[in-house]
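Structural description and commentary
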Amino acid sequence: MSELDPEIEAKRKRQKKKMTKILSKAWGLDRADPFQELEDKDVMAVGGSGPMDLTSIGQNLEKGVYQHGRRGWEQFACDLGGIYNRFISCGKKSKLAKYHLNQVKELLSSIDGHLSDLANDAKPANLSLQKEQNTPSKRKAGEILDGLIHVPKKKNVKKHDRNNSLTLSQREDRAMKELIHHVLSCGGEESQLNSFRCKVTQVGERFQTAYFSEQGRKFKTVGDVSKFLNLVDDKSVSVTSGSQREKTSVSRKRQPKNSRELELEKKKLKRELDKLMKSHVKASKALDDFHNEQSNEQIQMDDNMIPFDAKKNKAYWSILTRPEIDCFPGIPVSCTQEVLMVWDFLCTFHRTLSLHPIDLDNFAAALIYKPREVDNDESGPPLYLIESHLALLRLLLNDVSSDSWWWSTLETPETEAKEEVGKGEADNIAPTMKVDFAAILDYDEDPLVTRKWIQALEDVRTRRANAGGAIKAIVKTAISLTSNPFVKSYLRKSMRGWKSNDAAFAKQSVMWLIGRVREARPDLWGKLFDSSILKENKEKVVREAMLSMESLDEGEIEENLEDMQYGDSEAEDSDSDEEENEVETEEDFSQKRPDSNAKVSKGEEDLSAPVATNIPTKPPPHIVDLLLPPYKPLFNSFLISPFSWSYIVGASVSRILHRYKRLRNEVDDNLREFRDFKPLSIGERRRREKISTFRIFSECVAEQENDSECPIEAAVDHLCKGESYLTLSALQRLCILRVLIEAAYDTHHIYQCIQDNINARRTASKQLENEERRAKKEAKEEAANVESAARERLAQEARDEFLSKKRREFSRKNKYTNEFKDGYLESLQDDEIVNFDEETKGEYEALPGPKQFNKNEVHAMVTKINEETAFNTSELEVLTLEEIEDRENNTLVDMEEELASYNENDESNKREITAKIDSLKREIKNFKEWQESLPATRSEAIETLKDAIEDGTIKALRSAIKVAKQALLCGEDEETGGMWTLDLLRDAALELKHAEKRKRVTEAQKEMVGKINKCFVRRDVIGKDRFFHKFWHFDHDDNGGIWYDANFKLPMEANNDDDATPRIPASDIAVGAKDEEIDLRGAGDSSFLRFSRQEYHPSGEINSLVKRHNGCICSSNSMRRLLKNLDGRGHREGSLKSSLKEILEAGGYVNTESDEDGAKDENAVNKTGDEEHFQRAKNAVKSNSDTFRVVPNLDMLESLSSAIGQRCRLRSVADEISAPDAATYCMATVTGWRSRKTITNYPNPESDEPTTVEKIEVVWIAALDHGGEKELSSVELLNGLVRSKKWRHQYPGYFEHDSPLFSYRNKLGRFCGRAADAPYASSRLFFSKLMLKREQDMYALLKSRTYDNHWGGKMGLRNAWITFMKENFDDLNTLRQGLLTLEDAFHELCGQPVEQNGNIGSNKSPKELLENDDLRCDIELESLGSNITGLWNSYDSRAIFREIISNSKSLGIFALGLDLICRNSQAYLDATKPTVTTRKTSSNVSTNNYDSGLYTTSGRLTRSAFSTDTNQTTPGRRLNLWQQQHSDY
């Protein structure tokens, strides 16, 4: 062979590749720097002609120095070994060189063991000469042989003589060195052993070594460590050893002695073989089942591992950045999520709230609703807002959870102290001796020291009374810790009753002390209180302690007990004396004790002082607070009415905010206490309380409408002052609902509803699992049937192939032998061929059966059967587009050849031949025309197929398959009687089959899924994309859109030019208040802060909530584009894609982009080119005055040149005749236009036939958000465009009076009365009726309590008032004057007018009292107590009430005032009952909230006095004789 033989060249390349691989591994060994490039002069001095470093060997490889074959390998091995032996010979890095040489030898031994010996024995040229010069003449320690040093073994030395002198630590060091050497020899690194440690233990005369990993795992040998580090292939070792043992056992197995034993051995082996065959069949079936289950499932990977596709990324963000709905008109963009959350809560819990749900668009319209006439006081909010607020109020006020926040604005430090210190743990422990407990508490000791000795004494609780030694040690420890001399004396005194190990007396004494100190000093454990509260609490505990010690025997006072001996050891006494000398004496301290009765002067608040309580600053009462009762309003009372709901809501939200502020303060204090920080200063607490609303509800209050105040606090202040709800902005209304819903989540009703749903959901989930299991079983059986059919078909094909082969073989042999006639062989049946001879029969029986085919063959046949089933044919041939084109070209060639074969000059059959020729020519002409037009059609059909496969929905696939068939991408195969098809069309047909199967399963499970959805727990996301953006679908949304929540990127993040993710500066992305990170545990750790901030944004740079990019995809086109750009290979996007397909199919969306008929005529929809028609439509409307009135404000569309792609708001009326004002509004997107021919028949007076007029007009196609399409005329289009702009930008004066929002009726509850009266429940007419009803109820009770009844007497004032109210109910001033007149009447009926007493402000007018925050806190309009002599408790109260009513313009304030008059009248009636008994008093207390706790000793009661529980009884009148006899009545 020549040198340029390609086979030799290939072998040379393989050899060079192997040498390069060995050299690279030697180069990559640990610490191989000295051998890579030689720089040491001593090593260079060794000389020699070979390469001196690895770089030189690499250069030789590039030059081709090492020739092909054995000689080249030997030279390569010698050069490698010579490099390391050069270092070993001169003593430079010899240990490292030996280690690297061993590694290289192992690499070479994998090629040939001889190469390893050559590398070991290799030496540079002048090595022996240099060693002889440097070696002394007499050398007994070693000899030089062949240039290498061979060190002889030392003489036999006993092992214990060398190692007995080593300590355990030395042995551990030596073992670790051996471990490092072993790991390095196995190819590991020394850094892998950084976390390992060694421990040597001695057992008798033996030493045991063990290695431990960082997790504490134990290894006995270095081999176990190398296996653990995956440096040794444990399987190969075990397999090798196992095979050797098996060979040994087989070789040693006894041979059978006779034929009987041989027969038994054969039977045994046959049984084992049968067992193995059964196991093999079972395992093969399980494997096939697994493949059948996984055949239709795509192997998914982590989304982050999917390669970045810039084109898909750009298309994906083009969908998300331009959604159909990106915000709600009139509501800030950043509050979109809050709108969805509030609406979803009201719809999800509509049964719990008894509130009929409403559509999302109407809910947003209710939030932004403004009355058409600003000055019209009669107009009220939409009925849905009234019903929803009343539903939430009834839920909150009817739940016990509201007790924790309703009184929050009336909380004081005193009430908080009672809650915290009212529980004493020492109440059940009796004192053991008398002690000056006040002195113990008054001693000025560091709180940290006090906590330490109390915590030390806490261990006594866990000790038994007979554990005297332990208790004694604990007490001595506490004595050494405390600096309080009184505590030291008490503890020493507690040891007085010591008897042997009996320490019961000491234990009881210690437990009483720590219990009382904890009770008196709650501030020691992180609770912050005012000094006055602590002082009062200390005095209370001291009094209780002194009372409990009164029953004890008189003893010596504690000051004289310091020298008492309590132990048996003199050392203890001396220690006690030393301690007494070091501390301050009690007499000295008693001189310094402050006077407990001294009063601290009240000055200005010191902002630098630490906070004393976590209760926020109490807001002053507003007008609404003055009109409310001192107890929580009953949910079914007149207070919760359509008139006053807005003000009750304002008061409730104020209290809820106060409660959450307090919880926020508690969190701040606990965080600082956990880190042992100083308490916050008053100034810092005030700063945090000022922004606390942004810290709690920052999502909703992020968009401030002005720079001075928070929207939610402004809304609360607005309502509590008695202002109208309609003047609130949409954001403020949303904030109020947000707070109410946040409190509703804490109610017992919602919790119980969720818990019940969880239980019901669990049951429904089990049913769904059973259905899924059944569907899976059916799919498995179907796959098993297909597999069985595939195996049978394979076996049948094998038999048919065998029989056809034998027929050919017999025919071929018969040609030479002529043994049989040709007819005889052709007439042979299959059975006759099988039984033709023994050889043929044996071959037939040896054919594979159905169960003997491997899984690849079966899988291929299953795929083929599924393809044939999808096309409903018996034979299917799958072709590529090039093969189809070749097939058509061949067909054309055949037709042309057939045409050329006919002879036109044949006179015999000239007519028939001419007809055939003409027919062929026409077919050839048509065929060529098809070939010219088909490529474009097929290209479009192929793109449609690809999109449909990406879409995966049934409608898209069917439409694409129909278009592909029209493009002749499939057809019948005349040769096989089956079909041929394009491979892509085959994939689409299979995908359609899977989609239909998936839909059948979904339809079967639809009922159970509906049950699960009814058992709501929370709104779950339908999936996430690769960027962790969340997608949502709401069942109550009529549009059925997909909402998404996407992150913005910061400019500082890694920038990729191909990444289309929107970016926003960090200063613009943050919303709400920032986290107080100084309170966190890892505030100084930047990595911890970055990790904690990732909760808000993936960048970890923002420490507050961030703006999100929200939008809704409604149209089917956008949804299908979104599906197309989702990558199903990822876990997250694959799951999201499946969910979106189900929603798309279940929602009945129509693909507006594809034309199922595939026809392109004059009626086809055009996607562009409507500019001329759109301008013509606008000009036609402007030129016609009648039409111009139909489209007002047409000038808003001057800037638009085309309508395609624009959003329009369409109005539709179901019945123009019976209900012309009942319209529905929906949003749509203009997608195209087309020409429409209209035929109109007009009556012709001159003839009987009508005149027919054909007209072609342009219509635009609009894709509705909730699915479907609609054709729009020019006027409808222009109206929709103008309406959309007005609605989106909140055009002044735009009002949809016939919207479904105003026809809403609550079908689940009657919070506003009957359905017919609900829209007018808050009107002036209904308030007039309410006033008449309440007057009638109270007058019947009051008229019997007075002798001078001018109101209902002969003067006729009452009748005149009733007539006046019925006739003039529509005037607000009339209602105000009627309420004041009613107050005058009730005031006269309840008794004589009170005199001006100057309780609040003697020189202040009612208006000045209301404007002053300090004086307003002392106002009390409620009649409280038992000494009630009239309607009002003072002159100021009545004057303030009349001032409030006189200046108010709201029916809600009038309703609150009316209810206050009725409550005071009822209080007067209860206080002036003719008979007051104990039974009736207790009954009244249990039934009337305002009767509980009313009775005090003297003075006018306020709300704080009302909230105090007392046990005093009502002083009643003296009973007469009949009353005394019938006292039970």
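See the structure printed just above.
This section reports on the structure supplied with the text. Treat the numbers as computed from the prediction; the structure is a model and nothing was measured.

Turning next to the overall build of the protein chain. If you tally the helices and strands in the protein chain, you get 60 helices and 18 strands. Put simply, the protein chain has 1529 residues, and 41% of those count as buried. Contacts spanning at least 24 positions in sequence make up 72% of the contacts within the protein chain whose residues lie at least 6 apart. Element-wise, carbon and sulfur atoms account for 49% of the exposed surface of the protein chain, whose accessible area totals about 86,700 Å².

A word on the pattern of salt bridges. As enumerated under the stated definition, the model contains 58 salt bridges in all. Residues E771 and R774 are paired through a salt bridge, measuring 2.3 Å at the closest nitrogen-oxygen approach. Linking E771 with R774, this pair stays in helix 34 (residues 748–817), spanning 3 residues, or about one helical turn. Note on E771: relative accessible area 13%, which makes it buried. Between R793 and E797 there is a salt bridge, with the nearest N and O atoms lying 3.6 Å from each other. With R793 and E797 both in helix 34 and 4 residues apart, the pair spans about one turn of that helix.

What follows deals with the nonpolar core. Formed by 129 residues in total, the largest nonpolar core has its most connected members in F363 and F1327. Sort the elements by how many residues they give to this core and helix 57 (residues 1451–1471) lands first, with 12 residues. Setting aside chain neighbours within four positions, we find F363 in contact with V339, V342, W343, L346, I358, Y384 and L737. Residues I474, A478, A520 and L524 belong to the second largest nonpolar core, which totals 34 residues.

Another point: unusual backbone geometry. The phi dihedral of S354 falls on the positive side, at around 55°, and the residue is not glycine. Along the chain, S354 turns up in the loop between helix 16 (350–353) and helix 17 (360–367). A positive phi is found at L968, a non-glycine position, where the angle reads about 60°. Within the fold, L968 resides in the loop between helix 41 (954–966) and strand 7 (970–972).

Our focus in this paragraph is the side chain of E1296. Position of E1296 among the secondary structure elements: in the loop between helix 50 (1274–1288) and helix 51 (1324–1342). Owing to a relative accessible area of 10%, E1296 belongs among the buried residues under this scheme. Of note is the side chain of E1296, whose polar atom sits 2.5 Å from the side chain of Y1294. In this view, E1296 contacts R1209, Y1225, W1287 and F1302; residues no more than four positions away in its chain are not counted.

We now examine the packing of aromatic side chains. Inspection of the entire model under this criterion finds 30 aromatic pairs. An angle of 25° between the planes, with centres 5.7 Å apart, marks the rings of F328 and W1043 as stacked. Here the residue F328 occupies a position in the loop between helix 14 (310–320) and helix 15 (336–348), and W1043 occupies one in strand 11 (residues 1042–1046), the gap between them amounting to 715 residues. As far as the burial class goes, F328 and W1043 line up, both buried. An aromatic cluster of three or more residues is present, and its members are F35, Y84 and F87. Geometry around W406 places R655 over its ring, the cationic atom sitting 4.4 Å from the centre. Here R1334 stacks its cationic end above the ring of F638, 4.1 Å away from the centre of that ring.

In a regular helix each residue adds 1.5 Å, so 18 residues correspond to 26 Å; helix 10 (residues 168–185) covers 26 Å between its end C-alpha atoms and thus fits that length. Within helix 10 the residues assigned to the buried category are R171, A175, M176, L179, V183 and L184.

You can see G1041 is positioned in the loop between strand 10 (1030–1033) and strand 11. Accessibility expressed as a relative area gives 1% for G1041, which makes it buried. Between the C-alpha atoms of G1041 and D1265, which are 224 residues apart in sequence, the distance is 7.6 Å.

Glancing now at the side chain of R1416. Locating R1416 in the fold gives a position in helix 55 (residues 1413–1416). Of note is the side chain of R1416, whose polar atom sits 2.4 Å from the backbone oxygen of P621.

Contact geometry for helix 4 (residues 54–63) and helix 5 (residues 70–90): axes closest at 10 Å, N-to-C directions at 165°. It follows from the interaxial angle that helix 4 and helix 5 lie roughly antiparallel. When the axes of helix 4 and helix 5 are compared, the crossing they make is right-handed. Facing helix 4, whose interface residues are L54, I57 and L61, helix 5 presents F76, D79, L80, I83 and Y84. Classifying every residue of the contact of helix 4 with helix 5 by side-chain character gives 7 nonpolar, no polar and 1 charged.

Pairing is mixed across the open sheet formed by 3 strands, whose spatial order is 6-8-7. Every interior strand has two partners, whereas the edge strands, strand 6 (876–879) and strand 7, have only one. Averaged over all adjacent pairs, the angle separating strand axes in this sheet is 15°, with direction ignored. Of the pairings in the sheet, the one linking strand 6 to strand 8 (residues 979–982) comprises 4 bridges and is parallel in character. The residue bridging V878 from the neighbouring strand is T981, located in strand 8.

Attention now moves to a positive patch on the surface. Residues R197, K199, K218 and K220 make up a contiguous surface patch of positive charge. Mapped onto the elements of the fold, K220 is located in the loop between strand 5 (218–219) and helix 11 (222–228).

Across the 10 residues that make up helix 46 (residues 1116–1125), a large majority, 8, are buried. Of the positions making up helix 46, those classed as buried are S1116, N1117, S1118, M1119, R1120, L1122, L1123 and N1125.

Once that is clear, we can look at the sheet that holds strand 11. With respect to topology, 4 strands assemble into an open sheet ordered 9-10-11-14, the strand pairing being antiparallel. In this open sheet, the two strands that pair with only one neighbour each are strand 9 (1023–1024) and strand 14 (1109–1113). Looking at chain direction, strand 9 and strand 10 are connected through 2 bridges and run antiparallel. Its bridge partner being in strand 10, K1024 is matched across the sheet by K1030. Running over the sheet, helix 14 touches strand 10, strand 11 and strand 14 and is turned about 85° from strand 14.

Cut-offs used in this document
- Residues numbered from 1 in each chain as written.
- Predicted model: local features only at pLDDT ≥ 70, side-chain atom pairs only at ≥ 80, totals over all residues.
- Heavy atoms only, no water.
- Helix = DSSP H or I, 4+ residues; strand = E, 2+ residues; numbered from the N terminus.
- Buried < 20%, exposed > 50% of the residue type's maximum accessible area, 1.4 Å probe, protein only.
- Contact = heavy atoms within 4.5 Å.
- Areas by Shrake-Rupley, 256 points an atom, 1.4 Å probe, with all protein chains shown as cover.
- Salt bridge = Lys/Arg side-chain N within 4 Å of Asp/Glu carboxyl O.
- Core = buried A, V, L, I, M, F, W, Y, C linked by side-chain atoms within 4.5 Å.
- Polar contact = N/O pair within 3.5 Å; in protein donor to acceptor, adjacent residues only side chain to side chain.
- Phe/Tyr/Trp six-rings, centres within 6.5 Å; stacked < 30°, edge-to-face > 60°.
- Lys NZ or Arg CZ within 6 Å of the ring centre and 35° of its normal.
- Expected span 1.5 Å × (residues − 1).
- Axes fitted to C-alpha atoms, helices over the stretch in contact; angles between N-to-C directions.
- Parallel < 35°, antiparallel > 145°, perpendicular 65-115°, else oblique.
- Left-handed = near helix turned anticlockwise from the far one by under 90°.
- Nonpolar A, V, L, I, M, F, W, Y, C, P; charged D, E, K, R; others polar.
- Pairing = 2+ DSSP bridges.
- Patch = residues over 30% accessible without salt bridge, like charges linked within 9 Å, V, L, I, M, F, W, Y side chains within 5 Å.
- Lys, Arg positive; Asp, Glu negative; His and termini not counted.
- Charge placed at Lys NZ, Arg CZ, Asp CG, Glu CD.

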